[in-house]
Every structure is written in C-alpha cells, then in structure tokens.
Amino acid sequence: MNRLRLFLWGLVAACLALFGLFAYQLSQPKDEFIQSAMVGKTIPQFDLRPAIEGLPGLSSADLADGRPKLVNVFASWCIPCRVEAPQLDALQRGGAEIVAIAIRDRPEDLAQFFATYGNPFSAVGADDVSAVQLSIGSSGVPETFVVDGQGVIRYQHIGEIRPEHVPLLQAKLQEAGA
Amino acid sequence: MRRVAILALALAVAAPLAMPVLGQDSLPPAPYAYTELPDPAQEAQALHLMQTIRCLTCQSQSVADSDAQMAGDMRHLIRTRIAAGETPDQVRDWLVERYGDYISYEPTVSAITWPLFAGPVVLVLLGAVILYGRLGRRRRQAGEGGQ
C-alpha cells in the first residue's frame, strides 16, 4: 500500500512539473526569428549581376578579399529597410564596408530608394529569385550578415538595425578582423 | 452637379486601392513558382517535397500552400533542383543545412523529438501491462472465491 501511495505522489509531482514547464514556456516571449544554420560556415558560391547602374554587382569572391564586410539583405519594397537606413549610414561613416543583396528588386525602384534614404553600399547584387538569400539561410528582409575576410559568415542580425544594435555590429566586425 | 460629386467621392474611395500594395515586390513570380515541371514524375517528387517544407515567412504553411513571394522562390528552387537531377532528400538536406530542422514541415525523429514518438507506444504498453495485471488478479480472486 505504501508503494502505491508513493507512486501516486510521484504522479502528482510529475504532473506539477509538466504544468510548471508549460507555465514557464508560455511566459517566455515567442522567438519569431529563424536563425541561419550557416553562421560559422563559408558563404556559398554565387555571382549576382549589378542591381543598379553605377555600382558593381556582388559575388562570393568579393566576400573573400581579405576585408570583413557587412552584407545587408534588403529590398526597396521592404518597409523596415527604410527604418534601418540611418543606422547603415552611421556604420558606413564609422568605417564599415557594407555590400548588399537586393531581393526581387527593380533598378528604378532602387534608384528611388537610394535617392530618398541614401546609399551606404559599395556593391549591390540583384537576387531576383531569392536564390542567394536561400543559400545563406536568410528568411526575410532586412537581415545583415557579418562576413570575415575569408568569406566565412560570422554573425547574423535578423530584422532592422536599430540604433542600439550599431555598437554590437561594430564589435562583431572587429571580431571578424576589421 | 450631384453626379459629379458622387463621381468625385467614388474616385476618392477607389484611389488608395489603385496604389501598389506596400511591402510587396513588383517583380513577376519566379519561373517555376507556379509552373509545373514538364516531366510528371519529377513534378510529383517536387510537389511531395514542397508539401513537407515550411514556408519561412508564413510559418504555419508549407511552401506548396503559400502565396508568399519567398514560398514561390522556394518552389522555384525545389523544382529547378529536382529538374537538374537531385533527389528530394538531397534538396531537403540542402535546406536543413541552411535553416535547421525548422524548415521541415514534416515531423522527423531526432535526438530531441523521439520522446514524442516513443511516448504513446510506452503509454499503450504500460496500459496493457496494468490491465493484464488487474485482470489476472481478478481471475485469481474469482478462482479462489469459487473454491
């Protein structure tokens, strides 16, 4: 009889532990971000044509030229991309080299976007079917990757860069050897 | 005069509808986003794979069910890779390598998920053992009572 009682109390404890786990998980903020599994790996080979006249396109070889860079995945039709424009500008003025992958974009829309929000990029590649975006594990716009001089992805920032994120990205660039 | 006023009102109401939807790109869908592969066998393989890959921007749909731009681009990627001779498993592995298990819209047995699959089996077995024990005891008691 004693063993049965112990067993029943064990059941109660197990149920309480389960409900405790539910309560804890439900109280945690939902993580909507899908992290790229490519962080720490070499960026896959690609070669994108220029997205806009006057600026070069972007290839994986450009990302292995010895200098760490920020790779901004963006689009002129993406609203949060407008929000992060001043921060990209600040990063660029602070010495960061920023290149971009324009997702499903048109040259005339990009020209208008740059005229309105400024252009911090030294190169913009056109990714018309999101092929490069999918190959680096990016799941939306905007996202910003820190890529070191050997073309290895060192860090991924998901969503728009807000002012408080600028020092972190600068630190990640430093870590990558800038 | 009144007719003009009505026309003006109608225009005022309709004008915002004619504006491009913000947050949407204006490029046409990728070639194989909505076009089936010419080879029916390959299309069947691709379609089956699409139904097991999660849409990244909608999250609770497979890429086969979603009209999101990115889902269209993922269907294009899947179809072109299948058409190029890759097996569905190779394409699936390629995606998992980039997005982790999250991308799979089909439950798979892994180091974390195996209790979900083993749990019900264990519970059914446990139930059978308890039932057997109880019934056996009752039968014995009935047998003793009959003596």
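Residues numbered from 1 in each chain as written. Chains lettered and ligands numbered in written order. Predicted model: local features only at pLDDT ≥ 70, side-chain atom pairs only at ≥ 80, totals over all residues.

A word on the overall build of chain B. Per the secondary structure count, chain B includes 5 helices and 0 strands. When the elements of chain B are put in sequence order from the N terminus, they spell out α-α-α-α-α. A buried classification covers 20% of the 147 residues belonging to chain B. The contacts of chain B with a sequence gap of at least 6 include a subset with a gap of at least 24, amounting to 51%. (Helix = DSSP H or I, 4+ residues; strand = E, 2+ residues; numbered from the N terminus. Buried ≥ 20, exposed ≤ 12 C-beta atoms within 10 Å, placed from the backbone. Contact = placed C-beta atoms within 7 Å.)

Attention now moves to the pairing of strand 5 (residues 123-127) of chain A. All names here are of chain A. Burial analysis of strand 5 places 5 of its 5 residues in the buried class, the great majority of the element. Burial along strand 5 is two-sided: the residues A123, G125 and D127 and V124 and A126 are all buried. Looking at chain direction, strand 4 (residues 98-103) and strand 5 are connected through 5 bridges and run parallel. Bridge assignment links A100 to a residue of strand 5, and that residue is V124. On the question of chirality, the crossover connecting strand 4 to the parallel strand 5 by way of helix 4 (residues 107-117) is right-handed. (Pairing = 2+ DSSP bridges. Right-handed = clockwise from strand over helix to strand, strands pointing away.)

We now examine the interface of chain B and chain A. With 20 residues of chain B in contact, the opposing surface of chain A contributes 21 residues. Mapped onto the side of chain B that touches chain A, the elements with two or more residues apiece are helix 3 (69-83) and helix 4 (88-99) of chain B. Here the side of chain B that touches chain A gets 6 residues from one element, more than from any other, and that element is helix 3 of chain B.

Here chain A is partitioned into domain 1 (1-30) and domain 2 (47-175). Here the C-alpha centroids of domain 1 of chain A and domain 2 of chain A sit 48 Å apart. (Domains from an automatic or database assignment.)

Let's shift gears to helix 4 of chain B. A turn of α-helix holds 3.6 residues, and therefore any two residues three or four places apart point the same way. Residues and elements named next belong to chain B. Between its terminal C-alpha atoms helix 4 stretches 16 Å, which fits the 16 Å expected from 12 residues at 1.5 Å a residue. Among all positions in helix 4, only V91, L95 and Y99 are buried. Along helix 4, the residues classed as buried sweep out an arc of 55° about the axis, all on the same side. In this structure, helix 4 carries D89, Q90 and D93 as exposed residues pointing more than 90 degrees from its buried face. Against the buried residues of helix 4 lie helix 2 (40-50) and helix 3. (Expected span 1.5 Å × (residues − 1). Arc of directions from axis to C-beta.)

Residues and elements named next belong to chain A. With an omega of -5°, the peptide bond running from V141 to P142 counts as cis. Its location among the elements puts P142 in the loop between helix 5 (131-135) and strand 6 (143-147). Located in the positive-phi region is R104, a residue other than glycine, with phi close to 45°. Counting through the fold element by element, R104 comes out in the loop between strand 4 and helix 4. One non-glycine residue with positive phi stands out, namely S130, at about 55°. Relative to the elements of secondary structure, S130 occurs in the loop between strand 5 and helix 5. What makes S130 buried here is the crowd of 24 C-beta atoms within 10 Å.

The next thing to look at is the UniProt feature "transmembrane region" (unreviewed entry) in chain B. In this numbering, the UniProt entry assigns the feature "transmembrane region" (unreviewed entry) to residues 112-132 of chain B. As annotated, residues 112-132 of chain B has a helix share of 90% and a strand share of 0%, and its two end C-alpha atoms lie 32 Å apart. (UniProt positions renumbered as here; feature names shortened; annotations may be inferred.)

All names here are of chain A. On the basis of which strands lie adjacent, the open sheet formed by 5 strands has the order 5-4-3-6-7 and mixed pairing. Of all the strands in the sheet, just strand 5 and strand 7 (153-158) have a single pairing partner and so form its edges. Sheet twist, expressed as the mean angle between neighbouring strand axes with direction ignored, is 20°. Relative to strand 6, strand 3 (residues 69-74) runs antiparallel, the two sharing 5 bridges. Residue V71 lies in a different strand from strand 6, and its bridge partner there is F145. (Axes fitted to C-alpha atoms, helices over the stretch in contact; angles between N-to-C directions.)

In this section: the packing of helix 3 (residues 85-93) of chain A against helix 6 (residues 166-175) of chain A. Residue and element names in this part refer to chain A. Relative to each other, helix 3 and helix 6 sit at 40°, their axes nearing to 10 Å. Judged by the angle between their axes, helix 3 and helix 6 are oblique. Where helix 3 crosses over helix 6, the handedness of that crossing is right-handed. Across the interface between the two elements, Q87, A90 and L91 from helix 3 touch V166, L169 and Q170 from helix 6. Looking at the contact of helix 3 with helix 6 residue by residue, the class counts come to 4 nonpolar, 2 polar and no charged. (Parallel < 35°, antiparallel > 145°, perpendicular 65-115°, else oblique. Left-handed = near helix turned anticlockwise from the far one by under 90°. Nonpolar A, V, L, I, M, F, W, Y, C, P; charged D, E, K, R; others polar.)

What follows covers the nonpolar core. Of all hydrophobic cores here, the largest spans 41 residues; its most connected members are A:V71, A:F74, A:A75, A:A100, A:I101, A:A102 and A:V124. Of all elements in the fold, only strand 3, helix 3, strand 4, helix 4, strand 5, strand 6 and helix 6 of chain A reach the threshold of two or more residues within this core. Of all the elements, strand 4 of chain A adds the most residues to this core, at 6 residues. Ignoring any residue separated from it by four or fewer positions in sequence, one finds A:A102 in contact with A:A51, A:F74, A:A75, A:L110, A:V124, A:G125, A:A126 and A:D127. Core analysis: the second largest hydrophobic core is formed by 18 residues, B:L49, B:L77, B:V91 and B:Y99 among them. (Core = buried A, V, L, I, M, F, W, Y, C linked by C-beta atoms within 7 Å.)

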